[in-house]
Amino acid sequence: MNYNLNHLSEIEAESIFVIREVAAQFERPVLMFSGGKDSIVMLHLARKAFWPAKLPFPLLHVDTGHNFQETIDFRDELVEKIGANLIVGSVQESIDQGRVVEEKGINASRNVLQTVTLLDTLEAHKFDAAMGGARRDEEKARAKERFFSHRDEFGQWDPKNQRPELWNIFNGKKQMGEHFRVFPISNWTEMDIWQYILQENIDIPNLYFSHTRECFERDGIILANSDFIPLKPEEKTEQMVVRFRTIGDMTCTGATRSTANNLEDIIQEVASSRITERGGRADDKRAETAMEDRKKEGYF
């Protein structure tokens, strides 16, 4: 038996079980969908879980307004193709309504502002469970999460007060106003994601493949040139051959120099890389506990 195929089948079955548990235990679940590879795999798993029926829950994207246009185009095309219901929470609307204050300065980013938009959108639609594509291997704060991650009435997360999960028993009981974040692909690795995408022939945005893009380097991170990022006087843009390992807000998502233009090459590159997947994310470098601090406040 091929060990790799057996492994992928096992984690696929685990994830599908978790997704079905969410549909069974919660009244108004939603699937977080950014158009990135992890959320695309999540959507693929969810469709498998309920095939041939349609998805029994909508998709939710928190849009900072500073996303890669390629990601937004891919998101809209996929949603239309499968006939899903997409809800978009807009950070720009949160700014316009005075719910958040936009950062100023050369390193300003809207990434941290997503938390308020997310919590407001969950409350507005009365969602009691939000499924996301976070994985434990991404970042140390992610590693502390259970499959079913309880959030209090303020949407906040207490890493020291997590419920035990024995075998495949998940406790989704909650009080009024509370909700859960659920992470069906917690046990997957970045390598698992890429091998599964190859195995299942899943379409992904072209940003993940090597391409030529006008970029510049700041604090050791390669950023794509855009109207959202003001350049320092000493910074100069140049044409670089890059790809992206993660896709997020353009102001904090770093690229990596790469010539990997197909899935097989990407898998080989990931296998040999000594840099973590989020090593190019500027938002994670603001503080040693940046991710955990954001998660405690309600970030995904």
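In case you missed it, the structure is sitting above this.
Residues numbered from 1 in each chain as written. Predicted model: local features only at pLDDT ≥ 70, side-chain atom pairs only at ≥ 80, totals over all residues. Heavy atoms only, no water.

> How do you make sense of the overall build of the chain when you look at a structure like this?
What the chain contains, in helices and strands, is 8 helices and 10 strands. Put simply, the chain has 300 residues, and 53% of those count as buried. Here the analysis covers contacts within the chain between residues at least 6 apart in sequence; of these, 73% occur between residues at least 24 apart. Entry remark: accessible area of the chain is about 14600 Å², with carbon and sulfur atoms responsible for 49%. (Helix = DSSP H or I, 4+ residues; strand = E, 2+ residues; numbered from the N terminus. Buried < 20%, exposed > 50% of the residue type's maximum accessible area, 1.4 Å probe, protein only. Contact = heavy atoms within 4.5 Å. Areas by Shrake-Rupley, 256 points an atom, 1.4 Å probe, with all protein chains shown as cover.)

> When you look at the packing of aromatic side chains in this model, what are you seeing that I'm missing?
Aromatic rings considered in pairs are described by the distance between their centres and by the relative angle of their planes. Going through the model one piece at a time under the given rule, you end up with 10 aromatic pairs. A ring pair is formed by Phe147 and Phe170, whose centres lie 5.5 Å apart and whose planes are at 65°; its orientation type is edge-to-face. In this pair, Phe147 is assigned in the loop between strand 4 (129-131) and strand 5 (148-151) and Phe170 in the loop between strand 5 and strand 6 (179-182), connecting sequence segments 23 residues apart. Given the relative accessible area of 10%, Phe170 is considered buried. Seen in terms of ring centroids, Phe148 and Phe170 are 5.1 Å apart; in terms of plane orientation they differ by 15°. Their pairing is stacked. Within this pair, whereas Phe148 is found in strand 5, its partner Phe170 is found in the loop between strand 5 and strand 6, the two being separated by 22 residues in sequence. Across the pair, Phe170 and Phe148 agree in class, each one buried. Three or more aromatic residues joined by ring pairs form one cluster here, namely Phe17, Phe26, Phe147, Phe148, Phe170 and Phe180. One Lys or Arg, Arg136, reaches over the ring of Phe147 and ends 5.1 Å from the middle of that ring. (Phe/Tyr/Trp six-rings, centres within 6.5 Å; stacked < 30°, edge-to-face > 60°. Lys NZ or Arg CZ within 6 Å of the ring centre and 35° of its normal.)

> Looking at this structure, I do not really get unusual backbone geometry. What am I missing?
Glycine aside, the phi torsion of most residues is negative, and most peptide linkages are trans. Residues Trp51 and Pro52 are joined by a peptide bond in cis, for which omega reads 10°. For Pro52, the position within the fold is in the loop between helix 2 (37-50) and strand 2 (59-63). We note that Lys126 has phi near 60°; this positive angle belongs to a residue other than glycine. Tracing the backbone shows Lys126 in the loop between helix 5 (114-124) and strand 4. Positive phi outside glycine occurs at Asn201, with the angle close to 55°. With respect to the helices and strands, the residue Asn201 is situated in the loop between helix 6 (190-200) and strand 7 (211-218). The exposure class assigned to Asn201 is exposed, which follows from its relative accessible area of 64%.

> Could you clarify how one ought to interpret helix 7 (residues 263-272) in this entry?
Because each turn of an α-helix spans 3.6 residues, side chains separated by three or four positions in sequence point in the same direction. Buried residues of helix 7: Leu263, Ile266, Ile267 and Val270, and no others. An end-on view of helix 7 places all buried positions within 100° of arc, on one side of the element. Exposed and oriented more than 90 degrees from the buried face of helix 7 are Gln268 and Ser272. Two or three places before Glu264, at the opening of helix 7, Asn262 has a side-chain oxygen 3.2 Å from that residue's backbone nitrogen. (Arc of directions from axis to C-beta. Polar contact = N/O pair within 3.5 Å; in protein donor to acceptor, adjacent residues only side chain to side chain.)

> Sorry if this is basic, but what is going on with the pattern of salt bridges here?
Opposite charge on two side chains permits pairing when their charged atoms draw close. Within the structure shown, the criterion is met by 12 salt bridges. In this structure, the salt-bridge partner of Lys48 is Glu200, at a minimum N-O distance of 3.0 Å. You can see Lys48 sitting in helix 2 and its partner Glu200 sitting in helix 6, a full 152 residues away along the chain. Lys48 sits in the partly exposed class, given a relative accessible area of 34%. Overall, Glu200 belongs to the partly exposed group, its relative accessible area being 22%. We note a salt bridge from Arg243 to Glu269, for which the minimum N-O separation is 2.7 Å. (Salt bridge = Lys/Arg side-chain N within 4 Å of Asp/Glu carboxyl O.)

> I tried to follow the packing of helix 6 against helix 7 on my own but got confused; where do I start?
Two numbers describe a pair of packed helices, the interaxial angle and the distance between the axes. At a minimum axis distance of 10 Å, the contact between helix 6 and helix 7 shows a crossing angle of 165°. Comparing the axis directions of helix 6 and helix 7 gives the class roughly antiparallel. Handedness of the crossing formed by helix 6 with helix 7: left-handed. Contacts between helix 6 and helix 7 involve Glu190, Met191, Trp194, Gln195, Ile197 and Leu198 from the first element and Leu263, Glu264, Ile266, Ile267, Val270 and Ala271 from the second. Its residues assigned to classes, the contact of helix 6 with helix 7 comprises 9 nonpolar, 1 polar and 2 charged. (Axes fitted to C-alpha atoms, helices over the stretch in contact; angles between N-to-C directions. Parallel < 35°, antiparallel > 145°, perpendicular 65-115°, else oblique. Left-handed = near helix turned anticlockwise from the far one by under 90°. Nonpolar A, V, L, I, M, F, W, Y, C, P; charged D, E, K, R; others polar.)

> Would you explain the packing of helix 2 against helix 6 in this entry?
The N-to-C vectors of helix 2 and helix 6 enclose an angle of 55°; their axes lie 11 Å apart at closest approach. With respect to their mutual orientation, helix 2 and helix 6 come out oblique. Judged by the sense of rotation from one axis to the other, the crossing of helix 2 with helix 6 is left-handed. Where helix 2 abuts helix 6, its residues Lys37, Asp38, Val41, His44, Leu45 and Lys48 lie against Glu190, Ile193, Trp194, Tyr196, Ile197 and Glu200. Per-class residue counts for the contact of helix 2 with helix 6 are 6 nonpolar, 1 polar and 5 charged.

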